[in-house]
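Single-letter residue listing:
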Amino acid sequence: MNDIENDKIEKSEIPDNQEEEKKKPEKRVKKTQGQMIQEALGLGPTDIQDVEKKLFIVRFLDYFSEETLDFIFKDSTLNQYNKQITSHIEEFSTKGEEDRLLKQSFESKKIFDTVFRLKNKAEEIATSKGVKGSMDKRLRRLTLYLTAPMFALIIVSFIWTEITMVLLPVLCVFCMAPQLIKGRVVKKWFAFKEENKNQIYTENKADIMVLKNFTGETLDNVRARLLELKVPLQLIKFTLNSRDYENVTLLNQKNIRGTMQYFYTFEYPQGVEPFPIPQQLMQYQQPIIPEKRKPEKLEKNFVVLTEMKGKDGIVNDFVPTLKDNLAEKINDILNNSEFSKSPSDFTAIIPNYSEKMAIFCICGEVVEINVVQICNWKNQFKFYLFEGEPCNCGETVYALSLMDESAELPEELKDIFLS
């Protein structure tokens, strides 16, 4: 009898657990915008992927043509682009006639031979004027040289606590020095690029035009394919660094660190009415094909408002903390977020913003905020993203902040928002 009763108890516990499991909401699989347009228009699984690959090629070649100096002394980086783009081009040989023609053009124009030749000529110009290494390596070496003494002083202060107060002013100087020096180096680099950009173009115009012409061919190929698939062209938006192409419509332009960025969509051919946007896609304000960042231009200047005090979207107090060591992770977080403009302006969100409580550029200047966005990470967590006006040193600072100090942070975001 006891065994039967015990069996009943055990069995009665199992359904309870099962019911609890059933009550848990099923985790929604979040679809990318590319998947949304694919499903809404009934496209094949690779149609949008092919468009993304071609726009990747377009962005790289256009950027390289305009900012060749950003790739000097970076053989491994260019080899990676070569491998990836050549792989995409090889795939096109299995597609339609237009794609096979694009592959033939890529090969006949010897696109990456031209890329490496341009890079070598730019290196010769840079070397003749005293530049003997990439900007990234110079900054890494500077950071190492400047932070090593600081860590040594910190260790000394822990061992001999009685001299901590004496070393404190020195530590403060060491904390500020790397950012100030990096700011000056970056400023000089942008000035150097501007001074020599015209010489590179003048001496290598023929090679640059080869890259520009192929970029234009690829854009025309993408446009023709989208028209064939009856994809609303107004959904496809992308960023380039020049205005040298036809059959595109300029939506906006922005000066970022002294470099112009142009935001485009494709232009409908004359006499063709714009395709209607499916109702299920009307809610999406962002481009279906994401506006990816420029090659080698992932943002690095991220400040996080740690020890944030505030609620209901109002930030009353914070400690600005530079987290450039987490730049790669923060970029990934932002790439997996959806953005919407904040209904409140910056002065309403941080009413006490002043020199005593401000976000600072790496050069030490107070950052003037011009854009406030609400980021929705994986449809799980919302936070602020503040974008600063480009500083006089050429840098642009981005700041992240919680919207409520009591918000429950997902595990993946704790090392970003917690000090």
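Residues numbered from 1 in each chain as written. Predicted model: local features only at pLDDT ≥ 70, side-chain atom pairs only at ≥ 80, totals over all residues. Heavy atoms only, no water.

Engineer: What is the right way to read the overall build of the protein chain from this model?
Structural biologist: Looking only at helices and strands, the protein chain has 12 helices and 9 strands in total. Relative to its full complement of 419 residues, the protein chain shows a buried share of 44%. Within the protein chain, counting contacts between residues at least 6 apart in sequence, those at least 24 apart form 69% of the total. In the form shown here, the protein chain has an accessible surface area of approximately 23,700 Å², with 52% of it arising from carbon and sulfur atoms. (Helix = DSSP H or I, 4+ residues; strand = E, 2+ residues; numbered from the N terminus. Buried < 20%, exposed > 50% of the residue type's maximum accessible area, 1.4 Å probe, protein only. Contact = heavy atoms within 4.5 Å. Areas by Shrake-Rupley, 256 points an atom, 1.4 Å probe, with all protein chains shown as cover.)

Engineer: How should the confidence of the model for the protein chain be read in this particular structure?
Structural biologist: Close inspection of predicted coordinates is inappropriate for parts of the model with low pLDDT. Residues at a pLDDT of 70 or more form 74% of the protein chain, whose mean pLDDT is 80. Below a pLDDT of 50 lies the segment residues 1-25, which in the model reaches 0 contacts outside its immediate sequence neighbourhood of four places, other chains included. (pLDDT = per-residue confidence, 0-100.)

Engineer: What am I meant to see in the sheet that holds strand β8 (residues 381-388) here?
Structural biologist: In a beta sheet, neighbouring strands are held together by backbone hydrogen bonds and run either parallel or antiparallel to one another. What the 6 strands build is an open sheet, ordered β5-β4-β9-β8-β7-β6; its pairing is mixed. Only two strands of the sheet have a single neighbouring strand rather than two, namely β5 (314-322) and β6 (337-341). Here the average twist between neighbouring strands, direction ignored, is 30°. Two strands pair when backbone bridges link them, and strand β7 (residues 369-377) and β8 are joined in this way by 8 bridges, in the antiparallel orientation. Note that in β8 the partner of V372 across the bridge is F386. (Pairing = 2+ DSSP bridges. Axes fitted to C-alpha atoms, helices over the stretch in contact; angles between N-to-C directions.)

Engineer: What is the right way to read the nonpolar core from this model?
Structural biologist: Soluble globular proteins tend to pack their nonpolar side chains together in the buried interior. Counting residues in hydrophobic clusters, the biggest one holds 39 residues, and the most contacted among them are I350, I359, F383, F386, L400, I416 and F417. Contributions of two or more residues to this core are made by β4 (302-311), β5, α10 (327-335), α11 (346-349), β7, β8, β9 (398-401) and α12 (414-417). Dropping the residues within four chain positions of it, L400 is found in contact with F302, V303, V304, L305, I330, F383, Y384, L385, I416 and F417. Counting 25 residues, the second-largest nonpolar core is a separate cluster that includes V51, L229, L235 and L281. (Core = buried A, V, L, I, M, F, W, Y, C linked by side-chain atoms within 4.5 Å.)

Engineer: I'm lost on the packing of helix α4 (residues 75-92) against helix α6 (residues 111-128) in this one. Help?
Structural biologist: The relative placement of two packed helices is expressed as an angle between their axes plus a distance between the axes. Following both chains from N to C, one finds α4 and α6 inclined at 165°, their axes separated by 11 Å at the closest point. Between α4 and α6, the angle falls in the class roughly antiparallel. Where α4 crosses over α6, the handedness of that crossing is right-handed. Residues D75, L78, N79, Y81, N82 and I85 of α4 form the contact with α6, whose own contacting residues are F112, V115, F116, K119 and E123. Class assignment of the residues belonging to the contact of α4 with α6 gives a composition of 6 nonpolar, 2 polar and 3 charged. (Parallel < 35°, antiparallel > 145°, perpendicular 65-115°, else oblique. Left-handed = near helix turned anticlockwise from the far one by under 90°. Nonpolar A, V, L, I, M, F, W, Y, C, P; charged D, E, K, R; others polar.)

Engineer: What should I look at first to understand the pairing of β4 in this one?
Structural biologist: Along any regular strand, the residues point their side chains to alternate faces of the sheet. For β4, the buried fraction is high: 7 of the 10 residues fall into the buried class. Note that β4 and β9 share 3 bridges and pair parallel. Within the sheet, the bridge partner assigned to V303 lies in β9 and is A399. Judged from the 7 bridges that link them, β4 and β5 form a sheet pairing that is antiparallel. Considered in β5, the bridge of T306 is made with V319. Counted between consecutive antiparallel strands, the loop separating β4 from β5 contains 2 residues, among which D312 sits at a positive phi close to 55°.

Engineer: What am I meant to see in the packing of aromatic side chains here?
Structural biologist: Each aromatic ring pair is described using two quantities: the centre-to-centre distance and the angle formed by the ring planes. Considering all chains together, one arrives at 22 aromatic pairs under this definition. Each ring, one from F64 and one from F71, has its centre 5.3 Å from the other, and the planes form 55°; the classification is tilted. Relative accessible area serves as the criterion here: at 0%, F64 is assigned to the buried category. Residue class for F71 comes out buried when judged on its relative accessible area of 0%. Clustering of aromatic rings is evident, with ring pairs tying together F56, F60, Y63, F64, F71, Y81, F106, F112, F116 and F214. The ring of F92 has K54 lying over it, and the distance from NZ or CZ to the ring centre is 5.1 Å. (Phe/Tyr/Trp six-rings, centres within 6.5 Å; stacked < 30°, edge-to-face > 60°. Lys NZ or Arg CZ within 6 Å of the ring centre and 35° of its normal.)

Engineer: For this particular structure, what's the right way to read α6?
Structural biologist: Note on helix geometry: an α-helix contains 3.6 residues per turn, so any two residues three or four positions apart are oriented the same way. Taking 1.5 Å per residue, 18 residues should reach 26 Å; α6 reaches 26 Å between its end C-alpha atoms and fits that length. The complete set of buried residues in α6 reads I111, F112, T114, V115, L118, K119, A122, E123, I125 and A126. After α6 finishes, the residue G130 shows a positive phi value of roughly 95°. (Expected span 1.5 Å × (residues − 1).)

Engineer: Where do I start with the side chain of K119 in this structure?
Structural biologist: Summarising the element assignment, K119 is placed in helix α6. Within the local environment of K119, its side chain forms a polar contact with the side chain of D75, the two groups lying 2.3 Å apart. Non-local contacts of K119, meaning those with residues more than four positions away in its chain, are made with F64, T68, F71, I72, F73, D75 and L78. (Polar contact = N/O pair within 3.5 Å; in protein donor to acceptor, adjacent residues only side chain to side chain.)

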